[in-house]
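The chain contents come next:
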Amino acid sequence: TRHPLQPPYPHPYRFLLNEPHKCRDRTPFLVLLVVTEPGDTVGRNVIRQTWGNESSVPGVSILRLFLVGVHPVFGPALRSVLEEESLLHHDIIQQDFFDTYNNLTLKTLMGMEWVSKHCPNASYVMKADRDVFLNLGYLVRRFLTKPKKNFMTGYVYRNTGPLRSKAYKWYVPREIYPNNTYPPYCGGPGYVLSADLAPKIYGVAQILPVINMEDSFVGICLHALGVGVTGSPWGVFNMYRIEYEKCRFSRLVMVHHFQPQELLKIWPHFQEAKVMCHR
Ligand SMILES: *[C@@H]1O[C@H](CO)[C@@H](O)[C@H](O)[C@H]1NC(C)=O
Ligand SMILES: *[C@@H]1O[C@H](CO)[C@@H](O)[C@H](O)[C@H]1NC(C)=O
Ligand SMILES: *[C@@H]1O[C@H](CO)[C@@H](O)[C@H](O)[C@H]1NC(C)=O
Ligand SMILES: *[C@@H]1O[C@H](CO)[C@@H](O)[C@H](O)[C@H]1NC(C)=O
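The rules behind these values
Residues numbered from 1 in each chain as written. Chains lettered and ligands numbered in written order. Predicted model: local features only at pLDDT ≥ 70, side-chain atom pairs only at ≥ 80, totals over all residues. Heavy atoms only, no water. Helix = DSSP H or I, 4+ residues; strand = E, 2+ residues; numbered from the N terminus. Buried < 20%, exposed > 50% of the residue type's maximum accessible area, 1.4 Å probe, protein only. Contact = heavy atoms within 4.5 Å. Areas by Shrake-Rupley, 256 points an atom, 1.4 Å probe, with all protein chains shown as cover. Lys, Arg positive; Asp, Glu negative; His and termini not counted. Charge placed at Lys NZ, Arg CZ, Asp CG, Glu CD. Near = heavy atom within 4 Å. Polar contact = N/O pair within 3.5 Å; in protein donor to acceptor, adjacent residues only side chain to side chain. Phe/Tyr/Trp six-rings, centres within 6.5 Å; stacked < 30°, edge-to-face > 60°. Lys NZ or Arg CZ within 6 Å of the ring centre and 35° of its normal. Salt bridge = Lys/Arg side-chain N within 4 Å of Asp/Glu carboxyl O. Axes fitted to C-alpha atoms, helices over the stretch in contact; angles between N-to-C directions. Parallel < 35°, antiparallel > 145°, perpendicular 65-115°, else oblique. Nonpolar A, V, L, I, M, F, W, Y, C, P; charged D, E, K, R; others polar. Pairing = 2+ DSSP bridges.

### Some points on the overall build of the protein chain
Link 1 in the chain: Looking only at helices and strands, the protein chain has nine helices and twelve strands in total.
Link 2 in the chain: For the protein chain, the proportion of its 279 residues judged to be buried stands at 54%.
Link 3 in the chain: Long-range pairs, those at least 24 residues apart, make up 78% of the contacts in the protein chain between residues at least 6 apart in sequence.
Link 4 in the chain: Here the protein chain displays about 13100 Å² of accessible surface, and carbon together with sulfur accounts for 56% of that area.
Link 5 in the chain: Side chains of the protein chain give 31 positive and 22 negative charges; the mean places of these two sets differ by 7 Å.

### What to know about unusual backbone geometry
Link 1 in the chain: With omega at -10°, the peptide bond leading from Tyr9 into Pro10 counts as cis.
Link 2 in the chain: As for its position among the elements, Pro10 is in the segment before β1 (15–17).
Link 3 in the chain: One non-glycine residue, Asn150, adopts positive backbone phi at about 50°.
Link 4 in the chain: Tracing the backbone through its elements, the reader meets Asn150 in the loop between α4 (136–143) and β7 (152–153).
Link 5 in the chain: With a relative accessible area of 34%, Asn150 lands in the partly exposed category.
Link 6 in the chain: Phi angles above zero are rare outside glycine, and His257 is one such case at about 75°.
Link 7 in the chain: Among the structural elements, His257 can be located in the loop between β12 (254–256) and α8 (260–271).

### Examining the side chain of Ser216
Link 1 in the chain: Relative to the elements of secondary structure, Ser216 occurs in helix α6 (residues 214–225).
Link 2 in the chain: Contacts of Ser216, omitting those with residues within four sequence positions, involve Tyr182, Tyr185 and Ile211.

### Regarding the site of ligand 2
Link 1 in the chain: Around ligand 2 lies a shell formed by Pro4, Pro8, Asp96, Phe97, Phe98, Thr100, Asn102 and Asn103.
Link 2 in the chain: Within the backbone of Phe98, a nitrogen or oxygen atom sits 2.9 Å from an oxygen atom of ligand 2.
Link 3 in the chain: Between ligand 2 and Asn103, the relevant distance is 2.3 Å, taken from an oxygen atom to a side-chain nitrogen or oxygen of the residue.
Link 4 in the chain: Contact with the protein chains hides 72% of the accessible area of ligand 2, taken as 370 Å² for the molecule alone.

### Details of the packing of aromatic side chains
Link 1 in the chain: Per the counting criterion, the structure on display carries 16 aromatic pairs.
Link 2 in the chain: Relative to Tyr157, the ring of Tyr155 has its centre 5.0 Å away and its plane inclined at 65°; by these criteria the two rings are edge-to-face.
Link 3 in the chain: For Tyr155, a relative accessible area of 33% gives the class partly exposed.
Link 4 in the chain: Overall, the relative accessible area of 23% leaves Tyr157 in the partly exposed class.
Link 5 in the chain: Where Tyr177 meets Tyr182, the ring centres are 5.1 Å apart and the plane angle is 35°; that geometry is what we call tilted. Just as Tyr177 is buried, Tyr182 falls in that class too.
Link 6 in the chain: Taken together, Phe133, Tyr244, Phe249, Phe258, Trp267 and Phe270 form an aromatic cluster joined through their ring pairs.
Link 7 in the chain: For Lys148, the ring lying beneath its charged end belongs to Phe151, and the centroid distance is 4.7 Å.
Link 8 in the chain: In this structure, Arg241 packs its charged tip against the face of Phe258, placed 4.3 Å from the ring centre.

### Brief notes about the pattern of salt bridges
Link 1 in the chain: Applying the stated rule across the entire model yields 16 salt bridges.
Link 2 in the chain: Asp96 is paired through a salt bridge with Arg14; the nearest N and O atoms lie 3.6 Å apart. Of the two residues, Asp96 sits in strand β4 (residues 92–98) while Arg14 sits in the segment before β1, which places them 82 residues apart along the sequence.
Link 3 in the chain: Residue class for Asp96 comes out partly exposed when judged on its relative accessible area of 30%.
Link 4 in the chain: The exposed category is assigned to Arg14, whose relative accessible area is 52%.

### Points about the packing of helix α5 (residues 197–205) against α6
Link 1 in the chain: Where α5 contacts α6, the two axes come as close as 9 Å, and the packing angle between them is 95°. Comparing the axis directions of α5 and α6 gives the class roughly perpendicular. The segment α5 lies against α6, with Leu197, Lys200, Ile201, Val204 and Ala205 engaging Phe217, Val218, Cys221, Leu222, Ala224 and Leu225.
Link 2 in the chain: By residue class, the composition of the contact of α5 with α6 is ten nonpolar, no polar and one charged.

### What to know about the pairing of strand β5 (residues 124–129)
Link 1 in the chain: Most of β5 sits out of view: six of its six residues are buried.
Link 2 in the chain: Because side chains alternate across β5, one face comprises the buried residues Tyr124, Met126 and Ala128, and the other comprises Val125, Lys127 and Asp129, equally buried.
Link 3 in the chain: With five bridges connecting them, β5 and strand β10 (residues 190–194) associate as antiparallel partners. Of the residues in β10, the one forming a bridge with Lys127 is Tyr191.

Here's what the structure looks like:
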């Protein structure tokens, strides 16, 4: 029997919203998968105008998709709103699982499934949460210069283990994951992988017990595949908030804990970094 916090998987989840032809006429360099909640139209609009802008890195083809599930209460009410937003922007994919914290792994797997089936020739995939600051230009210039296989990077956690207290949002019961440690993995707010890993992760997830922490689960998939993660230099992927500073932010990839309103405020100023900051 399944523990209530364990996401039901595999299960033939259906795409309620899909963009199957996005890679028919172009091969993106980077597929950016952004986790948002179904009702978060405001957050998505801010991301479209800031770090999620597909033309923000000159000469680099970026494809942005928002990953959503079904709101557990307002699912039916949000349906037409989401459909309208989807028609306007063509950047939302949705499957028919409940959009809850403990189901986040299903969103990541939906993203891996989409890349495997609809965009297998992309070079890289980045998964990001909505509450981050991202500098894709620096990521591409500094870390994605050569074609890579079996490559994943981000803020790497090593020798950590599941939290066994129910008091935590990150509680993982033994019934879901018995080991005391996780294999090395990249922190969920923002990580990058070579796109060849997407079908491998999606494939191995069909046979592994899925756990409710999406980032640790991707680490478990890589462990099963015999693939290691690559650490990043200190300060490039930041799991804690750091205050905005133009030139410092021009030399990092990700900062966790940025809300949409702040992003809107700093983004125009950050654009000046391209000419103002030494690299
Ligand atoms: C995205 O960036 C381009 C180039 O800087 C700009 O022209 C465009 O208006 C931006 N799009 C949005 C939605 O902000
Ligand atoms: C995850 O989604 C499935 C399918 O919609 C649902 O049955 C399950 O209750 C959800 N799990 C959690 C922990 O919300
Ligand atoms: C991916 O590349 C292969 C080999 O070049 C090609 O046959 C295939 O049509 C491409 N697929 C897509 C979806 O672009
Ligand atoms: C869990 O522990 C077992 C026994 O030590 C080990 O064989 C297995 O590789 C571990 N799994 C992970 C995902 O680390």
